[in-house]
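Notes for the structure review
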Amino acid sequence: MANISNINGFFTINSDGNSTFAGTVTTSDVYGASSLRVAALGGILYLDSSSGASTIIRTNGTTTALTIDSDQNVGIGVAPASTRRLLIKGRGTSATTAAFQVNNGSNSDILVLKDDKSATFSGTVTAPRIGIPSANASFALYNNGNSYFNGAVTVDSTFTQT
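Residues numbered from 1 in each chain as written. Predicted model: local features only at pLDDT ≥ 70, side-chain atom pairs only at ≥ 80, totals over all residues. Heavy atoms only, no water.

**Things to note about the sheet that holds strand β8 (residues 98-103)**
- With respect to topology, three strands assemble into an open sheet ordered β8-β9-β10, the strand pairing being antiparallel. Edge positions in the sheet fall to β8 and β10 (119-121), since each has one partner strand and no second. This sheet shows a mean twist of 10 degrees between the axes of neighbouring strands, independent of strand direction.
- Here strand β9 (residues 109-114) runs beside β10; their pairing, made up of three bridges, is antiparallel. (Pairing = 2+ DSSP bridges. Helix = DSSP H or I, 4+ residues; strand = E, 2+ residues; numbered from the N terminus. Axes fitted to C-alpha atoms, helices over the stretch in contact; angles between N-to-C directions.)

**Focus: the side chain of T67**
- With respect to the helices and strands, T67 occurs in strand β5 (residues 63-68).
- A residue is classified by how much of its surface remains accessible, and T67, at 8% relative accessible area, is buried.
- Once you skip the residues sitting within four places of it in the chain, T67 turns out to touch S54, T55, I56, N73, V74, G75 and P80. (Buried < 20%, exposed > 50% of the residue type's maximum accessible area, 1.4 Å probe, protein only. Contact = heavy atoms within 4.5 Å.)

Take a look at the structure:
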């Protein structure tokens, strides 16, 4: 079927209900509509905001899901912080929810940052230096191999050597 509407080549609705707009489309209120779908088939999708303004993606009508501010700082579930390039708000404060997770191609966990401030690295973590910023810091160190210490070592509990 032919085009249903063609207004000077700027706006077309074809028989399957798809619309084509030439130029910029501006809406004044999209909250009353049930949905707005934007597709860039084979091209680039641009979401532009005015100079100095943020680009915001919302879910459930008014819940801000993602914000990109004018300095390209990103906030997921929270407004972006000017001192952070990426800020992610978790779902709570427990070990059962995670604010951030990275999986491999088989969908196995690589890194999980949980809402209780714990982190799990699955695999080997290599770091050239690990600093403990307090003179009286306490931590458990488990090593399955040789350990090398550069400097004084104080053991203030039972020391067993085999």
